[in-house]
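Observations on the model geometry
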Amino acid sequence: MDAKGALKHYALVGLGFALMVAALYMVFIYVPTDKNTGAVQRIFYFHVPLAWIGFLAFFVVFVCSILYLTKRDVRWDTIASASAEVGVVFTSLVLITGSVWAKAAWGIWWTWDARLTATLVLWFTYVAYLLVRHYVTEDSQRARLSAVLGIVGFIDVPVVALAVMLWRTQHPGAIIFEGGLVPSMLFTLIVCIVAFTVLYFVLVAQSTRLKNMEADIRNIKDIRMD
Amino acid sequence: MRGSLSKVLAIFWKDILLEIRTKESVTAILVFALLVLVIFNFAFEPETATMNLVAPGILWVAFTFAGVLGLNRVFAIERENSRLAGLLLCPIDPMLIYWGKLLGSFTFMFAIEIIVTPIFLVLLNLPLFLPRLLLIIVLATLGFTSVGTLFSALANNIRARDIMLPILFLPIVVPVIIAAVEATALVLQSSPWGDMMTWLQIMIAFDIIYLVVATLVFQYVVEG
């Protein structure tokens, strides 16, 4: 990494750190406690950004997969794989924070509600994506096959969402968009979403860099073997 | 256009002939599907009161599992003696190979379903003549095989392919499974056509989306 790249990297990390501290302050001190569900509602400020990042991450996988198949540039495959890993971690966290919140708010860990089911299906799809990446050893073949999966999997998202929505729904969702949040809560949520989005970019950039280094090392080893 | 159709049919006919002469896949998968029905009968003990809740689920779990087994074989038979390489060397567009294979896997799966369904209805003492169920089976099977044929080719390149196919396939076809189970439940309750329209529409939308997408991306799966 050159000096300019390093500067950019540390600026992004610094920005992420500052935003995360601000987000923590706002979630635990600034924002008022929810009158109906109490302190546990504060998990909402992590739960929603995590869900948003999960979705963003898989959308990035989708776009990078198309770019890889059309341009055949390894860079897109590396970004797709980094983004899928981050996406699976964040989606796992969505399922966990959601379960904790559901236990407190609804009295149950899990329910086969539309959004929960769709998130779980999404999680399975991208775990399968990572498994395929793990099982294929040859580089260009792995990039090709996982790009196909990145496209086919993401296209399923709206269909799954529609099917499970018709199947059943009990998740609170509309409240955010109908203006049911007081301004301080909405403001906190927005800061959290921005903080987590920066975190996502830091993680993907870091993971991409790591994968590039690994590829370099593999190449050097191959040259020495020859 | 007519040339394309005859090429698709040639690939389809090759698979059918192979199956007719060896009788390897269909018979075994048929027995498997029937066994799943019997096992679920023990697991759920469907009685008249709970029948409408349990029966559609039993039928579609049997079809899904049988489908995965069948789809595993769609490209597995091309692995020996590098037959797939031979197929790819033919001067035809890879998407025609996809359509030929799709036609084959649809036919095999449909053949199994058409035998299993009456047996299922008899075993559970349900009415036998259900033309609407036939429509659901056609739409769901098209959905299963459109994705499944693509994934069968994809899994063919992977280590642990037998286990990877269901792991890839099942999350993607969740909408089809939901729609097929719900629509079948409505048919068994003799609900009017209007009620099951939504579910049929979801399956039609899924079929169209995946037929188009799989046709477009299939060439990337088999290249190289």
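So, a few notes on the structure that sits alongside this text. (Residues numbered from 1 in each chain as written. Chains lettered and ligands numbered in written order. Predicted model: local features only at pLDDT ≥ 70, side-chain atom pairs only at ≥ 80, totals over all residues.)

1. Points about the overall build of chain B
Here is the rule: By definition, any uninterrupted DSSP run of H or I lasting at least four residues is a helix, any uninterrupted run of E lasting at least two residues is a strand, and each is numbered from the N terminus. As defined in this context, the radius of gyration uses C-alpha atoms, and a globule is described by 2.2 Å times the residue total to the power 0.38. A pair of residues counts as a contact when their C-beta atoms, built from backbone coordinates, are separated by no more than 7 Å.
Within chain B one finds nine helices and zero strands. Ordered by position in the sequence, the α and β elements of chain B form the string α-α-α-α-α-α-α-α-α. Relative to a compact globule of 224 residues, whose C-alpha radius of gyration would be 17 Å, chain B shows 18 Å and is just as compact. In terms of overall dimensions, chain B has C-alpha extents of about 55 × 35 × 30 Å along its principal axes. Taking as baseline every contact in chain B between residues at least 6 positions apart, the subset at least 24 positions apart corresponds to 82%.

2. Concerning the overall build of chain A
Looking only at helices and strands, chain A features seven helices and zero strands. Seen in sequence order, chain A has helices and strands lined up from the N terminus as α-α-α-α-α-α-α. On the principal axes, the C-alpha backbone points of chain A span a range of 70 × 45 × 25 Å. Long-range contacts, defined here as pairs at least 24 residues apart, represent 80% of the contacts in chain A between residues at least 6 apart.

3. Looking at the interface of chain A and chain B
Under the convention used in this document: Amino acids outside the nonpolar list (Ala, Val, Leu, Ile, Met, Phe, Trp, Tyr, Cys, Pro) and the charged list (Asp, Glu, Lys, Arg) are all regarded as polar, and Gly is one of them.
In this complex, chain A contributes 27 residues to the contact, which on the side of chain B involves 24 residues. Only α4 (114-135) and α5 (139-167) of chain A provide two or more residues apiece to the side of chain A that touches chain B. A class-by-class count of the residues in the side of chain A that touches chain B yields 21 nonpolar, four polar and two charged.

4. Comments concerning the packing of helix α3 (residues 51-76) of chain B against helix α5 (residues 94-123) of chain B
Residues and elements named next belong to chain B. Inclusion rule: Between N-to-C directions, angles cover 0 to 180 degrees, with each direction set by a line fitted to C-alpha atoms, over the stretch in contact for helices. To sort the angles, those under 35 degrees are grouped as roughly parallel, those over 145 as roughly antiparallel, those from 65 to 115 as roughly perpendicular, and the leftovers as oblique. Should the near helix be turned anticlockwise from the far one by less than a right angle, the crossing is termed left-handed; should it be turned clockwise, right-handed.
Where α3 contacts α5, the axes come no closer than 10 Å and their chain directions differ by 150°. Regarding the angle of α3 to α5, the classification is roughly antiparallel. Seen from above, α3 lies across α5 with right-handed handedness. Of α5, the residues touching α3 (which contributes Leu59, Ala62, Phe63, Ala66, Gly67, Gly70, Leu71 and Val74) are Lys101, Gly104, Ser105, Phe108, Met109, Ile112, Glu113, Val116 and Phe120. In terms of residue class, the contact of α3 with α5 is built from eleven nonpolar, four polar and two charged.

5. Some words on the packing of helix α3 (residues 74-105) of chain A against α4 of chain A
All names here are of chain A. At a minimum axis distance of 10 Å, the contact between α3 and α4 shows a crossing angle of 145°. Handedness of the α3/α4 crossing: left-handed. Contacts between α3 and α4 involve Ser81, Ala84, Glu85, Gly87, Val88, Thr91, Ser92, Val94, Leu95 and Gly98 from the first element and Leu116, Thr119, Leu120, Leu122, Trp123, Tyr126, Val127, Tyr129, Leu130 and Arg133 from the second. Counted by class, the contact of α3 with α4 contains twelve nonpolar, six polar and two charged residues.

6. Section: helix α8 (residues 174-188) of chain B
Residues and elements named next belong to chain B. What counts here: To estimate the expected span of a helix, subtract one from its residue number and multiply by 1.5 Å. Exposure classification rests on a simple neighbour count of other C-beta atoms within 10 Å of a residue's own: a residue reaching 20 or more is buried, one at 12 or fewer is exposed, and one in between is partly exposed. C-beta atoms are placed from the backbone.
In a regular helix each residue adds 1.5 Å, so 15 residues correspond to 21 Å; α8 covers 21 Å between its end C-alpha atoms and thus fits that length. For α8, the buried fraction is high: 13 of the 15 residues fall into the buried class. Once α8 finishes, serine 190 follows within two positions and takes phi at roughly 55°, a positive value.

7. Some details on helix α2 (residues 25-44) of chain B
All names here are of chain B. This is how it is decided: Relevant arc is that of directions from the helix axis to the C-beta atoms, nothing else.
In a regular helix each residue adds 1.5 Å, so 20 residues correspond to 28 Å; α2 covers 28 Å between its end C-alpha atoms and thus fits that length. Among the residues of α2, Ser25, Ile29, Ala33 and Leu37 are the ones counted as buried. Seen end-on, α2 carries its buried residues on one side only, within an arc spanning 105°. The outward face of α2, more than 90 degrees from its buried face, is lined by the exposed residues Thr27, Val31, Val38 and Phe42. Those residues of α2 that are buried lie in contact with α1 (2-22), α3 and α5. Count one or two residues on from α2 and you reach glutamate 45, which has phi positive near 45°.

8. Examining unusual backbone geometry
Apart from glycine, the bulk of residues carry a negative phi angle, and the bulk of peptide bonds sit in the trans form. Even without glycine at this site, arginine 72 of chain A takes up a positive phi of about 55°. Given 13 C-beta atoms within 10 Å, arginine 72 of chain A falls into the partly exposed group. Phi at serine 190 of chain B takes a positive value of approximately 55°, unusual for a residue other than glycine.

9. Points about the environment of threonine 33 of chain A
Residues and elements named next belong to chain A. The topology assignment puts threonine 33 in the loop between α1 (3-30) and α2 (44-71). The class for threonine 33 is exposed, based on 10 C-beta atoms found within 10 Å. Residues threonine 33 and methionine 185 lie 152 residues apart in sequence; the distance between their C-alpha atoms is 9.4 Å. If near-sequence neighbours (up to four positions away) are discounted, threonine 33 is found in contact with Gly38 and Ala39.

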